[in-house]
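What the coordinates show
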Amino acid sequence: MEASAGLVAGSHNRNELVVIHGHEEPKTLKNLSGQDCEICGDEVGLTVDGELFVACNECGFPVCRPCYEYERREGNQLCPQCKTRFKRLKGSPRVEGDEDEEDIDDIEHEFNIDEQKKNTNIAEAMLHGKMSYGRGPEDEENIHLPVIAGGRSRHVSGEITISSHAYGDQMTGASLHKRVHPYSGTDDPGSAKWDEKKDMGWKDRMDDWKMQQGNLGPEHDDFVDPDMGIVDEARQPLSRKVPIASSKINPYRMVIVARLFVLAIFLRYRILNPVHDAFGLWLTSIICEIWFAFSWILDQFPKWFPIDRETYLDRLSLRYEREGEPNMLAPVDIFVSTVDPMKEPPLVTANTLLSILAVDYPVDKISCYISDDGASMCTFEALSETAEFSRKWVPFCKKFTIEPRAPEMYFSEKVDYLKDKVQPTFVKERRAMKREYEEFKIRINAMVAKATKVPPGGWIMQDGTPWPGNNTKDHPGMIQVFLGQSGGLDVEGNELPRLVYVSREKRPSFQHHKKAGAMNALVRVAGVLTNAPFMLNLDCDHYINNSKAVREAMCFLMDPQVGKKVCYVQFPQRFDGIDRHDRYANRNTVFFDINMKGLDGIQGPVYVGTGCVFRRQALYGYEPPKGRKRPKMVSCDCCPCFGRRKNLPKYAKDGTNVGGFEDDKEILKSQMNFEKKFGQSSIFVTSTLMIEGGVPPSSSPAALLKEAIHVISCGYEDKTEWGTELGWIYGSITEDILTGFKMHCRGWRSIYCMPKRPAFKGSAPINLSDRLNQVLRWALGSVEIFFSHHSPLCYGYKQGKLKWLERLSYINTTVYPFTSLPLLAYCTLPAICLLTGKFIMPEISTFASLFFIALFLSIFITGILELRWSGVSIEEWWRNEQFWVIGGVSAHLFAVIQGLLKILAGIDTNFTVTSKASDDEDFSELYAFKWTTLLIPPTTILVINLVGVVAGISDAINNGYQSWGPLFGKLFFAFWVIVHLYPFLKGLMGRQNRTPTIVVIWSVLLASIFSLLWVRIDPFIVKTKGPDTKQCGINC
């Protein structure tokens, strides 16, 4: 994958493909040619006569001698380009099918066994580490694996293991471009050692085995290997569960059970004691309270088994990064998505990309893909500038180990940047780098300012070529490799991670599925170009705050014990730029630090859309490998008359069932439906079977780019399972919930990782209107899932792999918006009670008051104990409670209405990207007012409750002392509503304490209509008591 290949644009359906260079005319893509072998990438080399080695005299396809020898001996003996059979060249050994030749040199070489064996070993050694294709079942008889004694068997990155994984064999057939490259076992030291032991006696071999196990041998301390402690440490688990202390969790569970019992008694009392003179109000309150109880159960019980986790990064390095050996850490593809450069500033995206390129991970294992779903030339040029600046920024970060590695956040931190720095040149280089970054910012800002005025003829590139994405809704697919294997070096000459720009093809007549479709396009592009076994998904505003974040995830995904069944590792979301009091609960700490910890103890946290490392095979719809189970005996061997023994499943050496993926792939191979599942791309289908990742080395970079253009074409997903069973699932604007839910239903589990230093940080909308619109989008997605066939109420029971507490959590995720209906009614009841003089409860006795006291105490104690084991502050908990009411009576209510309109009337709503821009002034967005209809319902509730409080107090003053007793319950009810809506009231007032006229007019109008309606039904007047004039006859 060349970094200098230029922008590749094209459409597979239209058979168009061009390469646009910076200052050159467009030209068609052509196959690469030169002195490099097109199979292994090495130099072709020269013959003994000093001439260029030519393997095929028909077409001259460049192939080196080792590959030529290997193809003749083990391959199909055909030229990869013209399919002509390789002829025997001078010095080559005979193979089956060669014509008899009378050449004395050939005869001499034919019987030179030592020379043949030497050439064979050289060819196999060169191809062994380069070819990344799998081995088919037909080759099992000829496999000679080296036996490694006293060590461990490992595979090189990008190479496919033969039987060390539990996912089954690879697919066979020429259509998948498969090649077979056996391991060389003839010269392996382990094999020689094993052969020597064959001549030893049984007792000697047993003593030698005991010596290796440490049970037999010299008793001298000098015999102990000094490196044995390191080896033992590397064998330890890479992570562990940290259960919550029993002194904290057991009282919490007991209070939950007690609260459930008290709640049942309270509801029984409320149902059996109706209020006859206010039956409508009483019935409404009963329905609301029953729903609140049901909602509390859905939210509370998934938090029954909270856990913490610890990771051991030093053990990860000891196991996979041994000195003097190839780095064995798994490759990772990182995906960043953006749409509109006006709402998602390129400078924010650039900081995210720079933090990715500087991550603490082997550079050859990291590939960054950015999806520009808006096909913006501004984003493209900003990415080019980012790639150039990264050549200076990345070595600076790694030289001085700075954190965070996003320059904007690093230079704006108000901390002592000299702490722990010992290099004398740090201050000088930091000042120079800050100046470089400021110049970089100016260039990016100039691009954004220029992009606001689109030329009449559209954007033009530097070479005069029109920008392919001028029409954002009708343009070809585009791919540009900015940093890669060639041209991807920093100022110090070190290699940089890959950086690839991707803009998928869009046509008006196709459904593109918004962000979910863009992510699936990235999955396929990465599968063709790099095919890493793991993928990290980030929003464009979520930068890497902890440079070791990827290593943290690998402690779970690469753990030999628990990693095979983990589909993804989710990190909590942390945010910058939020006001100190977090007025609108933007940090969402209760969810990330309480709910997600509880789910981690069941089957794992839900996927929240960003900050998540996926296992590629889980996204491909495969089921996790099955663990070893105790076999059930049908009969013993001595009693054949009672039947036969069941065929036991095959297990790998690590104890995992070789079924799992193998069974799935055997079914797919037998039904020949790979294209129906993954699409019509043989290279991509081949990549889906490479469990350990890697790309075909025989494919040229040009061929890979051409295939990448194919897999992002707008019609590629037609008649496939993309979006239904594979990748990000379609059907909701909150595709993250659906995607994680499908994985959990297949039996996967997820992990929640909370390192001490937050792994990722992003920006949140601190403005009231933006925050409500964001919550509206989330709630609308939940409503869509609730009414879809993927609803947790009915989906996934057939497989039976989703745990019931995990199902309760997913049900709560889709049901919570409907709480807005009873919440709206319940927040209106205090005003109605104060205006009408009625109440939702009858007069209670002293004994009945104990139910209310017990209920309030259980609610209070549950919250305190929850904060105790989670570490969440009481202020954060209270802000979350307040915004639950604010969002419930506004955004959640509109989400339910819009969802019903979409289901019943087919009226769809537009997806709005949350603005991630920020002003120079701190928290200026917090006080800015943006009109939205979401503000009307909570403002109306505030007004009528304030009116009700004034009316209730006036009524008590007019009626005397005896009216104050019943008033206290009503006032408490009203003040509960007002206190919860207080942050909303502050947001309306703004910094200048001015509320927009339109909000005042609408709210007062609705409150007046509502109040007059109740006055008409039950007029609020002072009733005087006196004698009955009909009985006494006195005309009063």
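All values reported here derive from a predicted model rather than from experimental measurement. (Residues numbered from 1 in each chain as written. Predicted model: local features only at pLDDT ≥ 70, side-chain atom pairs only at ≥ 80, totals over all residues. Heavy atoms only, no water.)

A short note on the overall build of the protein
- Across its full length, the protein carries 34 helices and 16 strands.
- Residue burial in the protein is summarised as follows: out of 1036 residues, 51% are buried.
- For the protein, contacts bridging at least 24 residues in sequence account for 78% of all contacts bridging at least 6.
- Of the roughly 50,700 Å² of accessible surface on the protein, a fraction of 56% belongs to carbon and sulfur atoms. (Helix = DSSP H or I, 4+ residues; strand = E, 2+ residues; numbered from the N terminus. Buried < 20%, exposed > 50% of the residue type's maximum accessible area, 1.4 Å probe, protein only. Contact = heavy atoms within 4.5 Å. Areas by Shrake-Rupley, 256 points an atom, 1.4 Å probe, with all protein chains shown as cover.)

Focus on unusual backbone geometry
- Pro 404 follows Glu 403 through a cis peptide bond whose omega is -10°.
- Inspection of the secondary structure puts Pro 404 in the loop between α11 (377-400) and α12 (407-412).
- Despite not being glycine, Asn 531 has its phi angle at roughly 60°, a positive value.
- Within the secondary structure, Asn 531 is located in the loop between α14 (514-529) and β10 (534-539).
- Residue Asn 531 is classed as buried on the basis of its relative accessible area of 0%.
- Positive phi, close to 60°, is recorded for Lys 719, a residue that is not glycine.
- You can see Lys 719 is positioned in the loop between α21 (701-711) and α22 (735-745).

Here we look at the pairing of strand β16 (residues 760-763)
- The alternating pattern of β16 places Phe 760 and Gly 762 on a buried face and Lys 761 and Ser 763 on a face that is not buried.
- Sheet topology note: the strand β13 (residues 574-576)/β16 ladder contains three bridges and is parallel. Counted as the bridge partner of Arg 574 is Lys 761 from β16. (Pairing = 2+ DSSP bridges.)

A closer look at the pattern of salt bridges
- Within the structure shown, the criterion is met by 32 salt bridges.
- Across the pair Lys 303 and Asp 299 runs a salt bridge, and its minimum N-O distance is 3.4 Å.
- Salt-bridge contacts for Glu 505 lead to Arg 507; the nearest nitrogen and oxygen are separated by 2.9 Å.
- According to the relative accessible area criterion, Glu 505 is buried, its value standing at 2%.
- For Arg 507, a relative accessible area of 8% gives the class buried.
- Through salt bridges that share partners, Glu 321, Asp 360, Lys 548 and Arg 551 make up one connected network. (Salt bridge = Lys/Arg side-chain N within 4 Å of Asp/Glu carboxyl O.)

Re the UniProt feature "binding site: Mn(2+)" (unreviewed entry) in the protein
- According to UniProt, the feature "binding site: Mn(2+)" (unreviewed entry) maps to Lys 515 and Asp 539 in the numbering used here. Despite a sequence span of 25 residues, these residues sit close together in the fold, their greatest C-alpha distance being 10.5 Å.
- When near neighbours in sequence (up to four residues on either side) are disregarded, Lys 515 contacts Ser 337, Asp 539, Gly 609 and Glu 735.
- Along the polypeptide, Asp 539 turns up in strand β10.
- Dropping the residues within four chain positions of it, Asp 539 is found in contact with Val 336, Ser 337, Thr 352, Lys 515, Gly 609 and Thr 610. (UniProt positions renumbered as here; feature names shortened; annotations may be inferred.)

Observations regarding the side chain of Asn 537
- Here Asn 537 lies in strand β10.
- For Asn 537, a relative accessible area of 1% translates into the label buried.
- Not counting residues up to four positions away in its chain, the partners in contact with Asn 537 are Phe 335, Met 519, Tyr 607, Gly 609, Thr 610, Gly 611, Cys 612, Phe 614 and Trp 728.

Description of the confidence of the model for the protein
- A residue-level look at the protein finds 71% of positions with pLDDT of 70 or above and a mean pLDDT of 77.
- Confidence drops under pLDDT 50 across residues 639-646; counting only partners more than four residues distant or on other chains, this segment forms 11 contacts. (pLDDT = per-residue confidence, 0-100.)

Overview of the packing of aromatic side chains
- Going through the model one piece at a time under the given rule, you end up with 48 aromatic pairs.
- An angle of 75° between the planes, with centres 5.1 Å apart, marks the rings of Phe 380 and Tyr 501 as edge-to-face. Of the two residues, Phe 380 is situated in helix α11 and Tyr 501 in strand β9 (residues 498-503); the sequence distance between them amounts to 121 residues.
- Residue classification places Phe 380 among the buried positions, given a relative accessible area of 9%.
- The class for Tyr 501 is buried, based on a relative accessible area of 0%.
- The structure contains a cluster of three or more aromatic residues connected by ring pairs, namely Phe 389, Trp 393, Phe 396, Phe 400, Tyr 410, Phe 411, Phe 426, Tyr 437 and Phe 440.
- Cation over ring: Arg 315 sits above Tyr 312, and NZ or CZ is 4.1 Å from the ring centre.
- The side chain of Arg 807 reaches across the aromatic face of Tyr 797, ending 3.8 Å from its centre. (Phe/Tyr/Trp six-rings, centres within 6.5 Å; stacked < 30°, edge-to-face > 60°. Lys NZ or Arg CZ within 6 Å of the ring centre and 35° of its normal.)

A closer look at the UniProt feature "active site" (unreviewed entry) in the protein
- The sites that UniProt annotates as "active site" (unreviewed entry) are Asp 373 and Asp 736.
- Take Asp 373: it is sitting in the loop between β7 (366-372) and α11.
- Here Asp 373 is in contact with Thr 338, Val 339, Arg 504, Lys 506, Lys 514 and Ala 518, once residues within four sequence places are set aside.
- Within the secondary structure, Asp 736 sits in helix α22.
- Under the relative-accessibility criterion, Asp 736 is labelled buried at 12%.
- If we skip the residues at most four places from it in the chain, Asp 736 touches Tyr 607, Val 608 and Gly 609.

A word on α11
- The terminal C-alpha atoms of α11, which comprises 24 residues, lie 34 Å apart, in line with the 34 Å expected from a rise of 1.5 Å per residue.
- Most of α11 is tucked away: 17 of the 24 residues are buried.
- N-cap assignment for α11: the residue whose side-chain oxygen lies 3.2 Å from the backbone N of Cys 378 is Ser 376.
- Where α11 ends, the next residue or the one after it, Thr 401, has phi of about 45°, a positive value. (Expected span 1.5 Å × (residues − 1). Polar contact = N/O pair within 3.5 Å; in protein donor to acceptor, adjacent residues only side chain to side chain.)

Points about the sheet that holds β16
- A sheet is described by the order of its strands in space; here three strands give the open sequence β11-β16-β13, paired in mixed fashion. Each edge of the open sheet carries a strand with a single partner, namely β11 (543-544) and β13.
- Summarising the sheet, β11 and β16 pair through two bridges and their orientation is antiparallel. Across the sheet, Tyr 543 pairs through a bridge with Lys 761, a residue of β16.

Some words on helix α28 (residues 891-905)
- Between its first and last C-alpha atoms α28 spans 20 Å; for 15 residues at 1.5 Å apiece the expected length is 21 Å, and the two agree.
- All of the buried residues along α28 are Ala 891, His 892, Leu 893, Phe 894, Ala 895, Val 896 and Gly 899.
- Residues of α28 that are buried make contact with α23 (768-786), α25 (820-836), α27 (874-888) and α30 (936-959).
- Just beyond α28, the residue with positive phi is Gly 906, at close to 75°.

Brief notes about the packing of helix α9 (residues 313-320) against helix α15 (residues 549-557)
- The N-to-C vectors of α9 and α15 enclose an angle of 75°; their axes lie 10 Å apart at closest approach. In terms of their interaxial angle, α9 and α15 are classed as roughly perpendicular. From α9, Leu 313, Leu 316 and Ser 317 reach across to α15, where they touch Arg 551, Glu 552, Met 554 and Cys 555.
- Class assignment of the residues belonging to the contact of α9 with α15 gives a composition of four nonpolar, one polar and two charged. (Axes fitted to C-alpha atoms, helices over the stretch in contact; angles between N-to-C directions. Parallel < 35°, antiparallel > 145°, perpendicular 65-115°, else oblique. Nonpolar A, V, L, I, M, F, W, Y, C, P; charged D, E, K, R; others polar.)

Quick word on the environment of Pro 302
- Topologically, Pro 302 is positioned in the loop between α8 (279-300) and β5 (307-311).
- Pro 302 gets classed as buried once you look at its relative accessible area, which sits at 4%.
- Residues in contact with Pro 302, not counting those within four places in the same chain, are Ile 297, Gly 598, Leu 599, Ile 602, Leu 805, Leu 808 and Ser 809.

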